[in-house]
Amino acid sequence: GAVVVTVWPTARAVADKARSWIEDCGGRVLHSQEVTIRRRGAVATMMALYHGEDWIHSNCWYGESPLPEGRPDGPYAGAKWKSALTWADAPMTCY
């Protein structure tokens, strides 16, 4: 089966290592693309990529990586938290 591997913008510097890992595990990269999604689109991207996962709403993993500005609140607090941890104004790499 096919799989999409997403390397978050904050990890862009190690995207080549992710590709090597895929290949070292016996995978074959059929397509590689950098996708630019600015910070204002980060929460929506998280909601799309993690659709159906409960933590997007609950923020239950917050204790793993607290944010300096505190817990996000309101709807989709988990998506806001993950976005704050992983997003920068740099492209997201997809294999």
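Below is a summary of the structure that appears in this document.

Rules of the game
Residues numbered from 1 in each chain as written. Predicted model: local features only at pLDDT ≥ 70, side-chain atom pairs only at ≥ 80, totals over all residues. Heavy atoms only, no water. Pairing = 2+ DSSP bridges. Helix = DSSP H or I, 4+ residues; strand = E, 2+ residues; numbered from the N terminus. Buried < 20%, exposed > 50% of the residue type's maximum accessible area, 1.4 Å probe, protein only. Contact = heavy atoms within 4.5 Å.

**Description of the sheet that holds strand β3 (residues 92-94)**
Backbone-to-backbone hydrogen bonds pair the strands of a sheet. The strands run either parallel or antiparallel.
Alright, step 1. Spatially, 3 strands are ordered β1-β3-β2 in an open sheet, and the strand pairing comes out antiparallel. Whereas interior strands pair on both sides, the edge strands pair on one side only; in this sheet they are β1 (6-7) and β2 (33-35).
Alright, step 2. Pairing between β1 and β3: 2 bridges, direction antiparallel. For T6, the partnering residue across the bridge sits in β3 and is C94.

**Comments concerning the side chain of T93**
Alright, step 1. Among the secondary structure elements, T93 is positioned in strand β3.
Alright, step 2. Residue T93 is classed as buried on the basis of its relative accessible area of 3%.
Alright, step 3. Excluding residues within four positions of it along the chain, T93 makes contact with V5, T6, V7, A15, Q33 and E34.

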